[in-house]
Amino acid sequence: MEKDLMDYQTIIKFVYSHFNPVFDKEEIKIFGDKNPHYASSINKIFALFPNAKYLHITRDYRDNILSNLKFEFGSSKKSLLAYRWKESILKLAKLKIKYPDQFFTLRYEDLVDKPSELMESICSFLEIEYQPDVVNFHEKKDQVLSNFPEDKLDEVLKFQ
């Protein structure tokens, strides 16, 4: 009996399609994940999803280092954190030169200063309709927190 097998890309899409959405979605068109550590594996991710579009959010290296110092799983060595920041920028720069239409780069500081304007540009890049509510995600905090088991909420809230 032959088994139906899924490839790794399909499994990843399946997992992401089962996350509880914060905003109502008529149909899932795109998947996304914000994890700065993915930059160190971007070549592997790009190989899995060669036609994907990537949002590259940069942050001032000093703020990046200070932010990373807060996490227990990160290094406490500022020089190592600075090195990792620089390496991720260089690794992404090579891919962006080779595949410029697949990357949208923005500064975190600009996103904080003018979220609506940048979200409109991001949506245009992703070829999805801009929903003004997306910049009001903080109004759905209780709904987001309801997705976590109560015994894990303290862990989640610790990083806010």
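So, how was this worked out
- Residues numbered from 1 in each chain as written.
- Predicted model: local features only at pLDDT ≥ 70, side-chain atom pairs only at ≥ 80, totals over all residues.
- Heavy atoms only, no water.
- Phe/Tyr/Trp six-rings, centres within 6.5 Å; stacked < 30°, edge-to-face > 60°.
- Helix = DSSP H or I, 4+ residues; strand = E, 2+ residues; numbered from the N terminus.
- Buried < 20%, exposed > 50% of the residue type's maximum accessible area, 1.4 Å probe, protein only.
- Patch = residues over 30% accessible without salt bridge, like charges linked within 9 Å, V, L, I, M, F, W, Y side chains within 5 Å.
- Areas by Shrake-Rupley, 256 points an atom, 1.4 Å probe, with all protein chains shown as cover.
- Salt bridge = Lys/Arg side-chain N within 4 Å of Asp/Glu carboxyl O.
- Core = buried A, V, L, I, M, F, W, Y, C linked by side-chain atoms within 4.5 Å.
- Contact = heavy atoms within 4.5 Å.
- Pairing = 2+ DSSP bridges.
- pLDDT = per-residue confidence, 0-100.

Visitor: When you look at the packing of aromatic side chains in this model, what are you seeing that I'm missing?
Guide: Here the distance between the centres and the angle between the planes together describe a pair of aromatic rings. This model, assessed by the stated rule, comprises six aromatic pairs. Between Phe46 and Phe103, the ring centres sit 6.2 Å apart and the planes meet at 5°, which makes this aromatic pair stacked. Taken together, the residues Phe46 in helix H2 (residues 42-48) and Phe103 in strand E2 (residues 103-107) connect sequence positions 57 residues apart. By relative accessible area, Phe46 is classed as buried at 8%.

Visitor: For this particular structure, what's the right way to read a nonpolar patch on the surface?
Guide: A grouping of Leu55, Ile57, Tyr108 and Val112 is seen on the molecular surface, where their side chains present a nonpolar patch of about 340 Å² in accessible area. Elements with a minimum of two residues in the nonpolar patch: strand E1 (54-58) and helix H5 (108-113). By the secondary structure assignment, Tyr108 is in helix H5.

Visitor: Explain the nonpolar core here, please?
Guide: Phe104, Leu106, Leu111, Leu118, Met119, Ile122, Phe125, Leu126 and Val135 together form the largest nonpolar core, which totals nine residues. Looking at this core element by element, the count peaks at five residues for helix H6 (residues 115-126). With residues near it in sequence (within four places) discarded, Ile122 still touches Leu55, Phe104 and Leu106. Core analysis: the next-biggest nonpolar cluster, separate from the first, contains eight residues, Ala39, Ile42, Leu92 and Phe103 among them.

Visitor: Would you take a moment to explain unusual backbone geometry for this structure?
Guide: Most peptide bonds adopt trans geometry, and most residues besides glycine take a negative phi value. At Glu127, a position not held by glycine, the phi torsion is positive, near 60°. As for its placement among the helices and strands, Glu127 is situated in the loop between H6 and helix H7 (141-145).

Visitor: Before we go on, may I ask you to explain the pairing of E1 in this structure?
Guide: Side-chain direction in a regular strand flips from residue to residue, so the side chains alternate between the two faces of the sheet. Here E1 shows one buried face, formed by Tyr54, His56 and Thr58, and one open face, formed by Leu55 and Ile57. Where E1 lies against E2, five bridges are found, and the strand directions are parallel. Bridge pairing links His56 to Thr105 in E2.

Visitor: Looking at this structure, I do not really get the confidence of the model for the protein. What am I missing?
Guide: Atomic detail in the predicted coordinates should be set aside for any region of low pLDDT. Residues at a pLDDT of 70 or more form 79% of the protein, whose mean pLDDT is 79. Across the protein, the secondary-structure element scoring lowest on mean pLDDT is helix H8 (residues 153-158), at 62, and the one scoring highest is E2, at 92.

Visitor: I would appreciate a short explanation of the pattern of salt bridges in the present structure.
Guide: Close approach of charged atoms lets side chains of opposite charge pair. The final tally for this structure, using the stated rule, is three salt bridges. Residue Asp60 is joined to Arg62 by a salt bridge in which the shortest nitrogen-to-oxygen separation is 2.7 Å. The class of Asp60 is partly exposed, set by a relative accessible area of 24%. Asp110 serves as the salt-bridge partner of Arg107, at 3.2 Å between the closest nitrogen and oxygen. Taking relative accessible area as the criterion, Asp110 reaches 22% and is therefore assigned partly exposed.

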